[in-house]
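So the chains spell out like this:
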Amino acid sequence: MFDKLTNQNKIKRSSFFASTGLAATGFFVAISLPFKLFGKNGISKNEKVTVQINPDAVSRKKIGETNA
Amino acid sequence: MPETKDEKVNQSVKADPNYWRSFEELHRDPKMIEQSHNEFQQSVTDEFDPKKLSSFSRRKFLALLGASAALAGTGCNDYPDRGEIIPYNIKPDEVTPGIANYYASTAACEHGCGILVRTREGRPIKIDGNPDHPVSKGKVCTQAQASILDLYNPERLKNPLKLGGSGLYVEISWENVDKEIIQILNSRGSREVAVVSGRIVSPTAKKLFDEFAQKYNAKIYPYELFNESLRNRAWQKSYGGGLYPQIKWDEAKIIVNLESDFLGSEGNRIENARLFAQGRDVNNINNFNRLYVIEGNMSLTGLNADYRLRLRPDAQHEFASALLKAVNGSMSELNSFSKKFDLSEAALRSLVKDLKQNSGKAIVYAGSTLSEEVHFTVNAINEALGSTSLYNRQAVELYPLISSGDLVSLINSMNSGRVAAVIHFDSNPVYHFPKDLGYESALKKVTAVISMTETNNESAALSNYILPINHPLESWGDNKTRAGFISSQQPVIAPLFNTRQKEAILLNWVNGDAKKYNDKIYHEYLMNNWQSSVFTPVSADSNFKQFWSNALHDGVVITNESSSSSLSFNSSGETSPKLVDLNSFVVALKPAYSTVDGRYADNGWLQELPHPVSKITWDNYAAISRLTADELGVKNNDVIDIKAGGESFSIPVFIQPGSADRTITIELGYGREKSGVVGSGVGFNAIVLMSGQSGTSPWIFKASVSKGTGSYELVTAQEHHVFDDERTKDAAQKRGIIREGTVEEYKKHPHFLHKEGHELFSIYGSQTNMEYTGLKWGMAIDLNKCLGCGDCVIACNSENNIPVVGKDQVAKGREMHWLRIDRYYSGSENEPKASTQPMLCQHCDHAPCENVCPVVATTHSPDGLNQMVYNRCVGTRYCSNNCPYKVRRFNFFNFRDHFKDGYQEANVFNLIYNPEVTVRSRGVMEKCSFCIQRIMEAREDAIEHNRTIVGSDVKTACQESCPTSAIKFGDVNDKESEFAKFRNHQLGYYVLEELNVRPNVTYIAKLRNTHSEEA
């Protein structure tokens, strides 16, 4: 809208807040969207993997250490 | 200020007449006066219409620009949140954060070497050899080391799959799939169930197979693409039974090798290399062995030969027959043979003389791809030489491999509907079996095809059920390949996905109730078997629980079995050789050095490991001689067409120095189509040329060869210079990069290497050397023992988090290996001598890279290390430019993201990284650090135990993995240490010493054990 007092084109307040809000929404959607999920090889990068030790396995603390 | 135009005009009438710019102004021309009131010339803005201007203001443009930039920035996030790091609530007893644990286990292959798996916070990060294992003795091959990458392969199957009606696979629960399969097995009627597996080396698995076979009328079909069947058949014909023995390479003084790559890809090459290298000790020069190699294409064993003769593989029977006659006293046939095949008569005379003079300590060894007749003749030669004392008859075969007749019988049964189910027990027969047998089409006639596999493969793609199995590092088991000991296998990590151990799946089917499965069933089965068959014979007074725990801890149990010793040779099996048509082409198929038979095709480390001879990565090729290339009208990378047995096949060529004429050598294990992102489409599948029909050898056969269409880029990590170019011929020798001598020369003149002393020019002027009074790290590499196998390269990759870069980047010379094996030829193109030399950062005292870094990202430590500070590096690459050894590697990309669209960025892949080593990103230079993380670990241990660190406390990854112990590492200033013997050896030299950069890697010059007349 044209402001006669200052001789300038000014955005309407409602339009300003509408477009700012839309930009902010777009920003947060973009950072949460996993873009690379749809990569060519289809490998999911964010798949959770849990590491657990098998309790029945027997470990040793040193490389050369036998019970013989 | 005038308000109207008239008033302006009136005012101008009154302007000062002393100042004017034109006559019109002086004379007050009305037109001029009117024009002077306008800012612009007339009609300049006549067409100006504000309404036509863009409504897109400058402010709006800048606002949108900023918003777009912000949005783009959010999409460029390379560092995703990896989650929270929280301490243990209940810490597992075995885990101390920051301290490694080790688990003894067994490698998954048919040789069953003992391995030691290093884990950090519960995840395996490195595989080395188990020093307590009697066969591997602390060393293990490239495949075993690289197999840890397969554990964290993002493309591992995660859930059971069933082929749906629409032709797509759908996930199914384990309980349902067990139920369905048990139902299928129970309703087989009189039909057979076929289990196709690899070689069976586990006694407990064999027991399970027997039980399964009994319950479900099953037949077991173990196979290997490359096997010892021809050699064993000849042995049985020669001696009436048993298996071909291991050879005591350490006791052999003369080794004559016929088309056998025993140091590179045949048999237990780790043990072979270790024993062979014991006869290449420069500190025991009087017991140096001598290696003759007669082969069709340059192999790793051929690279290390003292005498090498090129001979097409189909002529080996003729040669062996002539050699037998020569050993028995008549040289005439051998002389005619040498003329026919243009072999050096002098070399053959030396060969026969050496064999006769070293009776009992000389061995003739034929490759497993040669025909049964060749092996029989070779057995006769060894018998005549008294070489049977070099046999070590400990080999044990739990289950014989199938013959081609067994395979044909199976396929016939499948075609005629007599097979209810086929189970692929971690095998890939659709890829491996010769196409002319029709196994793939026979599968369609089987009711149920079940594949147990870790990743998708060609056989799984044709299956009704695909069952994901545990990786060997997640599995229980045992291994028996020799008499006298049995190895144990234990899981070092719980299954990462919803997978099961393949033996446990089979056991569940034997038990017959899908609901009764639990994770421990195979563990208990294994323990029960050991309690009944292993524990009882060897136990003294310990209880089984203690015995079992000790067995898992040590990884091996020594038993009291003895091997048989008496042999009685039956010479009636000798046959006359068929004469070879010299004008025909012969194809020789070999196992790949890295991917073996294709099972490791999806392993990026192995695909990127340069071929030990040609240095080609990421592909296979047809190796031919220069003469053959000229005959066919091809050059490197041109495609040739090969026709054999009704099949046609195209492959690019590589002109290999030392290759026999009209011999086409191709490595199998490539050209897989369903191997995952890394392995699919890499190389060419030459298995199509194999025939399942009986012949003298399935791996050596005649073919017709012609020039094909087009070319294909083969990427090699090291070119070799043209032989006949005087500027580059023998350049490595002329520049002193490779220094060699002969054993005779060394015996006569121990200081022959340094007889020409000269003062080195120094670019540092009168700068005095820095005094290293304390511990100073250095390395020595014995080129007599270094075979060029590349085990050290894989070990370094595993230890130091080195990324895979892919074929396109290797083509630009951007492979990231910190350690490379340079291979140099000298002599003629047909009969070259080859030398290998591991090259890594020399940690120079006067490092030329340190002075030129503008940001001081590369420095020198007080203990002699050339250090790299990754977070200072800005990537000018000046250091690499200045490095005379070209050992610095630059991260042109973040290769974890760049290679295969982020394959190395999968969450599960991140588990492989060694937490002690920084993972470098884009724009950063890196290089060998002498395993500084291991040095720090040793230093901390020394501090903790209140002692001084010594050189022998640290073993670098490359040193630890070298099967021949060619690499030594230690304190340069410790004159009493074992390392000092090599640091100050008479044969020690430095590469490019004349530059006076003072490298700290000493190379022990290679000695060829040739006869004195050639010294």
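Residues numbered from 1 in each chain as written. Chains lettered and ligands numbered in written order. Predicted model: local features only at pLDDT ≥ 70, side-chain atom pairs only at ≥ 80, totals over all residues. Heavy atoms only, no water.

Q: Mind showing me how you'd approach the overall build of chain B here?
A: From N to C terminus, chain B includes 32 helices and 39 strands. Taking the principal axes of the C-alpha coordinates as reference, chain B spans close to 140 × 80 × 70 Å. Here chain B holds 1015 residues, and 58% of them are scored as buried. Considering only residue pairs separated by 6 or more positions, chain B has 73% of its internal contacts joining residues 24 or more positions apart. Of the accessible surface of chain B, which amounts to about 42400 Å², a share of 49% is contributed by carbon and sulfur atoms. Side-chain charges of chain B comprise 111 positive and 122 negative groups, with the mean position of each set lying 2 Å from the other. (Helix = DSSP H or I, 4+ residues; strand = E, 2+ residues; numbered from the N terminus. Buried < 20%, exposed > 50% of the residue type's maximum accessible area, 1.4 Å probe, protein only. Contact = heavy atoms within 4.5 Å. Areas by Shrake-Rupley, 256 points an atom, 1.4 Å probe, with all protein chains shown as cover. Lys, Arg positive; Asp, Glu negative; His and termini not counted. Charge placed at Lys NZ, Arg CZ, Asp CG, Glu CD.)

Q: Is there a simple way to think about the overall build of chain A in this case?
A: Per the secondary structure count, chain A includes 1 helix and 3 strands. Along its sequence from the N terminus, chain A presents helices and strands in the succession β-β-α-β. Every one of the 68 residues in chain A was classed for burial, and the buried ones make up 13%. Carbon and sulfur atoms make up 61% of the accessible area of chain A, which totals about 5400 Å².

Q: In this structure, what is going on with the side chain of B:Asp128? I would like to understand it.
A: Residues and elements named next belong to chain B. On the secondary structure map, aspartate 128 appears in strand β3 (residues 123-129). Its relative accessible area of 10% is what places aspartate 128 among the buried residues. Separated by 2.8 Å, the side chains of aspartate 128 and lysine 126 make a polar contact. The residues contacting aspartate 128, other than those within four sequence positions of it, are Gly114, Ile115, Leu116, Val140, Arg934 and Glu960. (Polar contact = N/O pair within 3.5 Å; in protein donor to acceptor, adjacent residues only side chain to side chain.)

Q: What is the right way to look at helix α30 (residues 932-944) of chain B in this model?
A: Residue and element names in this part refer to chain B. Along its 13 residues, α30 runs 18 Å from first to last C-alpha, staying within 8% of the 18 Å computed at 1.5 Å per residue. As for α30, its buried residues are in contact with β3, β29 (777-782), α26 (791-799), α31 (957-961) and β36 (967-971). Phi turns positive one or two residues past the end of α30, at asparagine 946, with a value near 55°. (Expected span 1.5 Å × (residues − 1).)

Q: In this structure, what is going on with the side chain of B:Ser798? I would like to understand it.
A: Residue and element names in this part refer to chain B. Its place among the elements puts serine 798 in helix α26. Its relative accessible area of 4% is what places serine 798 among the buried residues. Excluding residues within four positions of it along the chain, serine 798 makes contact with Ile125, Lys126 and Trp605.

Q: What is the right way to look at the nonpolar core in this model?
A: Soluble globular proteins tend to bury their nonpolar side chains together. All names here are of chain B. Counting 114 residues, the largest nonpolar core has Trp777, Met779, Tyr885, Phe930, Tyr1003 and Leu1007 as its most contacted members. Looking at this core, the element that brings in the most residues is helix α5 (residues 142-151), giving 5 residues. Not counting residues within four places of it along the chain, the set of residues in contact with phenylalanine 930 comprises Trp777, Gly778, Met779, Leu840, Cys841, His843, Leu865, Ile935, Thr956, Phe969 and Val1001. Counting residues in each nonpolar core, the second largest holds 51 residues, with Ile184, Leu185, Tyr522 and Leu526 among its members. (Core = buried A, V, L, I, M, F, W, Y, C linked by side-chain atoms within 4.5 Å.)

Q: Where do I start with the packing of aromatic side chains in this structure?
A: Between two aromatic rings, the relevant description is the distance of the centres plus the angle of the planes. Residue and element names in this part refer to chain B. With the rule as written, the count across this model stands at 40 aromatic pairs over all chains. Each ring, one from tyrosine 223 and one from phenylalanine 433, has its centre 4.8 Å from the other, and the planes form 65°; the classification is edge-to-face. Taken together, the positions of tyrosine 223 in the loop between β7 (218-222) and α8 (229-239) and phenylalanine 433 in the loop between α16 (429-432) and α17 (439-443) put the pair 210 residues apart, joining distant regions of the chain. We note that tyrosine 223, like phenylalanine 433, is buried. (Phe/Tyr/Trp six-rings, centres within 6.5 Å; stacked < 30°, edge-to-face > 60°.)

Q: How do you make sense of helix α14 (residues 372-385) of chain B when you look at a structure like this?
A: An α-helix turns once per 3.6 residues; consequently, residues spaced three or four apart project the same way. All names here are of chain B. The terminal C-alpha atoms of α14, which comprises 14 residues, lie 20 Å apart, in line with the 20 Å expected from a rise of 1.5 Å per residue. The buried fraction of α14 amounts to 11 of the 14 residues, a majority that puts the element mostly inside the structure. Considered for burial, the residues of α14 that qualify are Glu372, Val374, His375, Phe376, Thr377, Val378, Asn379, Ala380, Ile381, Asn382 and Leu385. Residues of α14 that are buried sit in contact with α8, β9 (254-258), α11 (316-327), α13 (345-357), β12 (362-366) and β13 (391-392). Positioned one or two residues after α14, glycine 386 has a phi angle of 75°, which is positive.

Q: How do you make sense of the packing of α8(B) against α14(B) when you look at a structure like this?
A: Packed helix pairs are characterised by how far apart their axes lie and by the angle those axes make with each other. All names here are of chain B. α14 packs onto α8 with a crossing angle of 50° between their chain directions and a minimal axis gap of 8 Å. If you check the angle between α8 and α14, you find them oblique. Regarding α8 and α14, the two cross each other, and that crossing is right-handed. Residue-level inspection shows Leu230, Arg231, Arg233, Ala234, Trp235, Lys237, Ser238 and Tyr239 of α8 in contact with α14, the latter providing Glu372, His375, Phe376, Asn379 and Glu383. A per-class count over the contact of α8 with α14 returns 5 nonpolar, 3 polar and 5 charged. (Axes fitted to C-alpha atoms, helices over the stretch in contact; angles between N-to-C directions. Parallel < 35°, antiparallel > 145°, perpendicular 65-115°, else oblique. Left-handed = near helix turned anticlockwise from the far one by under 90°. Nonpolar A, V, L, I, M, F, W, Y, C, P; charged D, E, K, R; others polar.)

Q: So what exactly am I meant to see when it comes to the interface of chain B and chain A here?
A: Interface extent is often summarised as the accessible area lost during association of the parts. In this assembly, 51 residues from chain B lie in contact with 34 residues from chain A. Counting every contact that joins chain B to chain A gives 2 salt bridges. Its salt-bridge partner being B:Lys520, residue A:Asp56 comes within 2.8 Å of it at the nearest N-O pair. Counting across the chain B and chain A interface gives 9 residue pairs in polar contact (both at pLDDT 80 or more). Counting only elements with at least two residues in the side of chain B that touches chain A, the list comes to α4 (58-75), β1 (101-106) and α20 (544-554) of chain B. By residue number, the principal contributor to the side of chain B that touches chain A is α20(B), which donates 5 residues. In terms of residue class, the side of chain B that touches chain A is built from 24 nonpolar, 13 polar and 14 charged. Of the pairings in the sheet, the one linking strand β3 (residues 59-60) of chain A to β1(B) comprises 2 bridges and is antiparallel in character. Across the sheet, residue A:Arg60 finds its bridge partner in β1(B), namely B:Tyr102. (Salt bridge = Lys/Arg side-chain N within 4 Å of Asp/Glu carboxyl O. Pairing = 2+ DSSP bridges.)

Q: Is there a simple way to explain the sheet that holds strand β20 (residues 585-590) of chain B in this structure?
A: Backbone hydrogen bonds hold the strands of a sheet together, and the pairing may be parallel or antiparallel. Residue and element names in this part refer to chain B. Read once around its circumference, the closed barrel built from 6 strands follows the order β20-β25-β22-β24-β23-β26, with strand pairing classed as mixed. In this sheet, adjacent strand axes meet at a mean angle of 45° when their direction is disregarded. Bridging between β20 and strand β25 (residues 663-667) involves 5 bridges; their strand directions are parallel. From the neighbouring strand, valine 586 faces β25, where its bridge partner is threonine 663.

Q: Can you help me understand unusual backbone geometry in this one?
A: Outside of glycine, negative phi angles account for most residues, and trans bonds account for most peptide bonds. Residues and elements named next belong to chain B. Positive phi, normally seen in glycine, also occurs at lysine 615, with a value near 65°. Relative to the assigned elements, lysine 615 resides in the loop between α21 (604-608) and β21 (616-617). In this structure, asparagine 801 is a non-glycine residue whose phi angle is positive, near 55°.

Q: What am I meant to see in the confidence of the model for chain B here?
A: Caution is warranted with low-pLDDT regions, since their predicted coordinates should not be read in detail. Model confidence for chain B is summarised by a mean pLDDT of 90, while 92% of its residues fall at 70 or above. In the model, residues 7-12 of chain B has pLDDT below 50 throughout and makes 6 contacts with residues more than four positions away in sequence or in other chains. (pLDDT = per-residue confidence, 0-100.)

Q: Got a minute to help me understand the pairing of strand β24 (residues 647-655) of chain B in this structure?
A: A regular strand carries its side chains on alternate faces of the sheet. Residue and element names in this part refer to chain B. As paired elements, strand β22 (residues 622-624) and β24 share 3 bridges and run parallel to each other. Among the inter-strand pairings, alanine 622 is bridged to a residue of β24, identified as valine 653. Taken together, the 6 bridges between strand β23 (residues 638-644) and β24 define a ladder with antiparallel strand orientation. Bridging from a neighbouring strand, isoleucine 642 pairs with phenylalanine 649 of β24. Linking two consecutive strands that pair antiparallel, namely β23 and β24, is a turn of 2 residues; a positive phi of about 55° is found at glycine 645 within it.

Q: I would appreciate a short explanation of the sheet that holds β3(B) in the present structure.
A: Spatial ordering of the open sheet is given by β3(A)-β1(B)-β2(B)-β3(B), a layout of 4 strands whose pairing is antiparallel. Strands at the two margins of the open sheet, each flanked by one partner only, are β3 of chain A together with β3 of chain B.

Q: Is there a simple way to think about the packing of helix α7 (residues 203-216) of chain B against helix α18 (residues 502-511) of chain B in this case?
A: Residues and elements named next belong to chain B. At their nearest, the axes of α7 and α18 sit 10 Å apart, and the two run at 35° to each other. Read as a crossing pair, α7 and α18 show a hand that is left-handed. On the side of α7, the interface is formed by Ala205, Leu208, Phe209, Glu211, Phe212, Lys215 and Tyr216, while α18 contributes Glu503, Leu506, Leu507, Trp509, Val510 and Asn511. Split by residue class, the contact of α7 with α18 holds 9 nonpolar, 1 polar and 3 charged.

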